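# Fold and contact review
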Amino acid sequence: MRVVILDNYEEVSRWAALHIAKRIRESGPQAAKPFVLGLPTGSTPLGTYRELIRLCGEKKVSFKNVVTFNMDEYLGLGEDQPESYRRFMMDNFFNHVDMDKKNIHTLNGLAPDSGAECLAYEEAIRASGGIELFLGGMGSDGHLAFNEPGSSLSSRTRVKTLAGETRIANARFFGGDPRRVPATALTVGVGTVMDAREVLILVSGYQKARALRAVVEEGINHMWTLSCLQMHQCAIIVCDREATDELKVRTVRYFMDIEKRP
């Protein structure tokens, strides 16, 4: 696991966007062989999306031959509803870059058969050649996508009941009322993310410090689902100083020293 420690959220967002843009350019994507990118929603990736939009506008990266798969969607919300994750992605990213809309994949919260929808999503990922890079965030309890504490580390895309803490955290998107947040969602599994050839996780703020300590310094544990990254061959956590507040001083020094070396 690689841990990149930067001063603040803005630097985290910029680093992540430049890394993604570089990976896309280096792959030389074509229509017949696109770059497959996994994407999250939430507040944390917004800065990265803004930076990617800027880079696209400056012709430093193109998304014409990029295929995307989003992590999750609320069960019962249609794609045009303001709180849906499909709408979030359109408003905050897809509508502002040169994406071919047919290359956008999101889970359908109104699918008549949610189980079949999840199976079809896994098959679509396989058919695309697999995800090259999966961008993600981390919940304050160490969860990845909607794989909350206790989720199987080999889980696949499925319907997931959301914990009260998650609904409270996401209430800001629902007028501040946790009761308006859907109680269930469709989410990619931990195993789905781990299948990606590279995983890039963004972590920012003091509220994530306890979880980051568990993920980086403690063992693999399904109560901290992001700890699965310890088993990934190409995993990067990009975090700000505030998020490292509970890491050992020696841990911080080690990872900062590694990044300084040529």
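Here the structure is shown first, and the text comes after it.
Residues numbered from 1 in each chain as written. Predicted model: local features only at pLDDT ≥ 70, side-chain atom pairs only at ≥ 80, totals over all residues. Heavy atoms only, no water.

## As for helix α8 (residues 249–260)
- Between its first and last C-alpha atoms α8 spans 17 Å; for 12 residues at 1.5 Å apiece the expected length is 16 Å, and the two agree.
- The complete set of buried residues in α8 reads T251, V252 and F255. Seen along its axis, α8 keeps its buried residues to an arc of 100°; they face one direction. Projecting away from the buried face of α8 at angles above 90 degrees are the exposed residues V249, R250, R253 and K260.
- For α8, the elements touching its buried residues are β1 (2–6) and α7 (209–217). (Helix = DSSP H or I, 4+ residues; strand = E, 2+ residues; numbered from the N terminus. Expected span 1.5 Å × (residues − 1). Buried < 20%, exposed > 50% of the residue type's maximum accessible area, 1.4 Å probe, protein only. Arc of directions from axis to C-beta. Contact = heavy atoms within 4.5 Å.)

## Considering the nonpolar core
- In terms of nonpolar packing, the biggest core is built from 40 residues, with M138, I201, V203, L212, L229, I237 and C239 touching the most fellow members.
- Mapped by element, the contributors of at least two residues to this core are β1, β3 (66–70), α4 (114–127), α6 (190–194), β9 (198–203), α7, β10 (235–240) and α8.
- With 5 residues, the single largest contributor to this core is α7.
- With 32 residues, the next largest nonpolar core counts V12, I20, A21 and L133 among its residues. (Core = buried A, V, L, I, M, F, W, Y, C linked by side-chain atoms within 4.5 Å.)

## Let's talk about the side chain of T192
- By the element assignment, T192 lies in helix α6.
- A relative accessible area of 4% places T192 in the buried class.
- With residues near it in sequence (within four places) discarded, T192 still touches E122, I125, S155, R156 and T157.

## Some words on the pattern of salt bridges
- For the structure on display, the rule yields 19 salt bridges.
- As a salt-bridge pair, E123 and R126 come within 3.1 Å of each other at their nearest N and O atoms. One end of the pair, E123, and the other, R126, are both in helix α4, 3 residues apart, so they sit about a helical turn from each other.
- Judged by its relative accessible area of 42%, E123 is partly exposed.
- Under the relative-accessibility criterion, R126 is labelled exposed at 52%.
- When salt bridges with common partners are traced through the structure, they connect R23, E132, R197 and E198 into a single cluster. (Salt bridge = Lys/Arg side-chain N within 4 Å of Asp/Glu carboxyl O.)

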